[in-house]
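# Examining the three-dimensional arrangement
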Amino acid sequence: MINSLVAYKGKSARIADIVASKFELVFADGSSLKVREKDFRFIHPEFTQINDECPLADFAVLADFQEETLSLQEITEWLFDEFSAQTAWCTCLLVEEGLRFYWQKDLVFVRPTAQVESVQAKRDSEKRAAESLAHCVDNLAKNTFDEQDEPYLKEIARVALNQSKTAKILSHIGVENSPDSAYQLLLKIKYFAPSFNPYPARFDIPKDEEIAVEVPSIERVDLTHLSSYAIDNEGSDDADDAISIEGEKLWVHVADVANIVPSGSDLDEYAQQRGSNFYLPDAIIHMLPTSLTAASALGASDKSDALSFSFEFDGKNINNIEVMQSVISVTNTTYEKVDEMLQVNSNADLTKIKAIGEAHKKFRDSSGSINLHLPNVDVKFVDGKASVAPQASSSSRDLVAEMMVMAGRTMAQFTSDNLIPVPYALQDEGDFSEEFLAKKDTLTLSESFLAIKNFKRSATSVKPLLHYGLGLPAYLRVTSPMRRYYDLLAHQQIVNFIADKPMLPVSRVKEIIGTVNMALASVGRVSRFSDDHFKYVFLMQNPQWTGTGVVVDIRGDKALFMMPEIGMMTQIKFKNLPKLDEEMQLQVSRVSLVDKSANFKVV
């Protein structure tokens, strides 16, 4: 046993001495180590200097020994025709390699051909994967990528979009496995374009689905004699409300979506999961299938199905409410055209509706309504270009807005009087001083901004309670059932009531409110983040942007500016602080899509 060739942890060694139960091993570099017998493997009884350069083995002989167990000497003699220290060491290396053999204690098991092929295929695959990984790591170090890197980039994208917690390659390149870090990397290498909006995917917003819809035929009241106007933006083809007047009777007609989407139907569940349309700068994600729009949009054909509300306003009260499923004839027009008509009083119906709307607005003002008139902007991304513009205001837009408020007030009164369980919108009384209320219509921008914190949050309830901001004792959303689930739910309940069909009980309506509120939370976040994203894209596309900033708050040694042109805010540090409502020209100085932030400087 002295001077035998042994293998210890992959190294060749010679047994130099045996003391008690310990064997002294001497290695090729002259070092030595005392170990137990179980810690090494006997290779050959005669030690000679060996190396890892081995002759070609005759693997063909293994066909006769598949799934057999042989001694190291036997397998060596078959492979190399002799059992020397060198050939035994070569056999040991082959067994350690594990492709054709593996150890069973001190014997060698010969793998069957199919198993050898499987092991080899796995190793080839692992080798290719390692080479592919190394290729991608090298590319990312150079801030580039190619087609071969696509599988790894998709893994990183899943992390960036919050669809996976880890991507193995991120650890290899020292990047944190977090959505923001992954997103920053993909922006850096230009795998994601700045215009790509990650937020719908991050919040797992369902995409539109193509679902065919059927329109049930029911008996309807013929109101085609009325001149009904659907007023919307230029190019809009999905009008869901229209207005008309008949003597002193005002009419609001709304697309009869509930006739197509009854309570508890598959489409109803579909809409509940979404809660609302998502109006994003680069897309619209619909609450209901787009096929429903074509089937129910007002003015899409000569005659349109509607749920119509009629009422009269005496300067204070809403009277003589009637509700019916109707068929109407709609004239689709635009805000711009109606503005022209109102300016020259060329349409008696619209002129009269405008006067009634103004009277109702005056009533709400006297009842305590508060509109802070803070600037809002429209953010769009079309044909690769982001745009940000203040939202338009005009007589026609005020007219339509007030008529929708009147419809909400009217149907809140109708459902409350008839004990119909519906999701009312409410807002508790705000914490405003008498001094503030006395000048609520002449507020400066900073006063309006600072007043935001005094408003109570709006909420949804089955109880018809005060809506403080609107100045109404109760309010119900009813004018957008194609776009907002609460409007659809109200329509479903109202339609069942007037048709003398079972309505959902209060308890079920409460459950639905809980479900939809969760969906709407995502709607709000995704819409807000998407708008902000494309505002930053706009600034990146306009790196010298300069505009007016208005000081709306002072915070320590910093002034908080509102920029009405782009609907953004920024803080700037000053040695000598400006005054509230002071205006300064600001220029963008830094934009970060990842941090969702932009810095500005005074110019």
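Above this note sits the structure.
A brief structural summary. (Residues numbered from 1 in each chain as written. Predicted model: local features only at pLDDT ≥ 70, side-chain atom pairs only at ≥ 80, totals over all residues. Heavy atoms only, no water.)

## What to know about the overall build of the protein chain
Regarding its fold elements, the protein chain presents 16 helices and 27 strands. In summary, the protein chain has a C-alpha radius of gyration of 38 Å against a globular reference of 25 Å for 603 residues, an excess of more than 25%. Overall, the C-alpha framework of the protein chain stretches about 120 × 70 × 45 Å when taken along its three principal axes. Residues counted as buried form 47% of the 603 residues belonging to the protein chain. For the protein chain, contacts bridging at least 24 residues in sequence account for 65% of all contacts bridging at least 6. Accessible surface, the protein chain: about 30500 Å² in total, of which carbon and sulfur atoms supply 48%. Here the protein chain holds 62 positive side-chain charges and 86 negative ones, and the gap between their average locations is 7 Å. (Helix = DSSP H or I, 4+ residues; strand = E, 2+ residues; numbered from the N terminus. Rg over C-alpha atoms; globule rule 2.2 N^0.38 Å. Buried < 20%, exposed > 50% of the residue type's maximum accessible area, 1.4 Å probe, protein only. Contact = heavy atoms within 4.5 Å. Areas by Shrake-Rupley, 256 points an atom, 1.4 Å probe, with all protein chains shown as cover. Lys, Arg positive; Asp, Glu negative; His and termini not counted. Charge placed at Lys NZ, Arg CZ, Asp CG, Glu CD.)

## Digging into the state of the cysteines
All told, the structure shown has one disulfide when counted by the stated rule. At a sulfur-sulfur separation of 2.1 Å, the disulfide partner of cysteine 54 is cysteine 90. Since a negative S-S torsion denotes a left-handed disulfide, the cysteine 54-cysteine 90 link at about -95° is left-handed. Residue cysteine 54 is found in the loop between strand S5 (41–44) and strand S6 (69–71), and its partner cysteine 90 is found in helix H2 (residues 85–97); the two are separated by 36 residues along the sequence. (Disulfide = S-S within 2.5 Å.)

## Notes on the nonpolar core
If you look at the biggest cluster of nonpolar residues, it comprises 78 residues, and the most contacted ones within it are Ile231, Ile243, Val252, Phe309, Leu350, Met403 and Leu476. Top element by residues in this core is helix H12 (residues 395–417). It accounts for 10 residues. Setting aside its immediate chain neighbours within four residues, isoleucine 243 contacts Ser227, Ser228, Tyr229, Ile231, Trp251, Val252, His253, Leu350, Ile353, Leu399, Met403 and Met404. Membership of the second largest hydrophobic core comes to 45 residues, among which are Leu140, Ile169, Ile566 and Leu586. (Core = buried A, V, L, I, M, F, W, Y, C linked by side-chain atoms within 4.5 Å.)

## Considerations on the packing of helix H1 (residues 72–80) against H2
Direction vectors running N to C along H1 and H2 enclose 100°, while the axes themselves pass 9 Å from each other. Between H1 and H2, the angle falls in the class roughly perpendicular. Seen from H1, the contacting residues are Leu72, Ile75, Thr76, Leu79 and Phe80; seen from H2, they are Thr87, Ala88, Cys90, Thr91, Cys92 and Leu94. Of the residues assigned to the contact of H1 with H2, the class counts are eight nonpolar, three polar and no charged. (Axes fitted to C-alpha atoms, helices over the stretch in contact; angles between N-to-C directions. Parallel < 35°, antiparallel > 145°, perpendicular 65-115°, else oblique. Nonpolar A, V, L, I, M, F, W, Y, C, P; charged D, E, K, R; others polar.)

## Topic: the environment of glutamate 583
Tracing the chain through its elements places glutamate 583 in strand S26 (residues 583–592). The class of glutamate 583 is exposed, set by a relative accessible area of 57%. As for glutamate 583 and threonine 548, which are separated by 35 residues in sequence, their C-alpha atoms are 6.5 Å apart. If near-sequence neighbours (up to four positions away) are discounted, glutamate 583 is found in contact with Thr548, Gly549 and Val550.

## Comments concerning the sheet that holds strand S3 (residues 22–27)
Overall, antiparallel pairing links the five strands, which are arranged S4-S3-S2-S1-S5 in an open sheet. A single partner strand is all that each edge strand has here, and the edge strands are strand S4 (32–36) and S5. Recorded for the sheet is a direction-independent mean angle of 45° between the axes of neighbouring strands. Bridge count between strand S2 (residues 11–19) and S3: six bridges; the pairing is antiparallel. Each residue of the ladder has a partner; that of isoleucine 18, found in S3, is phenylalanine 23. Set on the sheet, H2 makes contact with strand S1 (5–8), S2 and S5; between it and S5 the angle comes to about 140°. (Pairing = 2+ DSSP bridges.)

## Regarding the pattern of salt bridges
Under the defined criterion, the tally for this structure stands at 21 salt bridges. The residue lysine 142 makes a salt bridge to aspartate 138 at a minimum N-O spacing of 3.1 Å. Residue classification places lysine 142 among the exposed residues on the basis of a relative accessible area of 54%. Ionic pairing is found between aspartate 557 and lysine 573, a salt bridge with its closest N-O pair at 3.7 Å. With aspartate 557 in the loop between strand S23 (546–555) and strand S24 (558–563) and lysine 573 in strand S25 (residues 568–573), the pair connects residues that are 16 residues apart, well separated along the chain. A cluster of three or more residues bridged by salt bridges with shared partners is formed by Arg36, Lys38 and Asp39. (Salt bridge = Lys/Arg side-chain N within 4 Å of Asp/Glu carboxyl O.)

## Some details on helix H10 (residues 335–344)
Among the residues of H10, Tyr335, Val338, Met341 and Leu342 are the ones counted as buried. What you see down the axis of H10 is that its buried residues fit within an arc of 120°, all on one side. The exposed set on the far side of H10, more than 90 degrees from its buried face, consists of Glu340, Gln343 and Val344. Contacts made by the buried residues of H10 are with strand S10 (228–232), strand S17 (330–334), helix H11 (348–366) and H12. A positive backbone phi angle near 55° is found at asparagine 345, which sits one or two residues after H10. (Arc of directions from axis to C-beta.)

## Topic: a nonpolar patch on the surface
Side chains of Met1, Ile2, Ile18 and Phe42 sit close together on the surface and give an oily, nonpolar patch of about 340 Å² of accessible area. Relative to the assigned elements, isoleucine 18 resides in strand S2. Residue classification places isoleucine 18 among the partly exposed residues on the basis of a relative accessible area of 33%. (Patch = residues over 30% accessible without salt bridge, like charges linked within 9 Å, V, L, I, M, F, W, Y side chains within 5 Å.)

## Details of the packing of H11 against H12
Describing two packed helices takes the angle between their axes plus the distance from one axis to the other. For the pair H11 and H12, the least separation of the axes is 9 Å and the interaxial angle reads 65°. Relative to H12, the crossing made by H11 is left-handed. Taking contact as the criterion, the partners of Leu350, Ile353, Lys354, Ile356, Gly357, His360, Lys361, Phe363 and Arg364 in H11 are, on H12, Ser395, Leu399, Glu402, Met403, Val405, Met406 and Arg409. Across the contact of H11 with H12, the residue classes tally to eight nonpolar, three polar and five charged. (Left-handed = near helix turned anticlockwise from the far one by under 90°.)

## Examining the side chain of threonine 76
Along the chain, the position of threonine 76 falls in helix H1. Ignoring any residue separated from it by four or fewer positions in sequence, one finds threonine 76 in contact with Asp81, Glu82, Phe83, Thr87, Ala88 and Thr91.

## Structural notes on the sheet that holds strand S21 (residues 458–461)
The strand order S21-S20-S22 describes an open sheet built from three strands, whose pairing is antiparallel. Sheet topology places S21 and strand S22 (475–476) at the edges, where each strand pairs with a single neighbour. Examined bridge by bridge, strand S20 (residues 424–427) and S21 share four bridges and lie antiparallel to one another. Opposite tyrosine 424, over in S21, you have serine 461 as the bridge partner.

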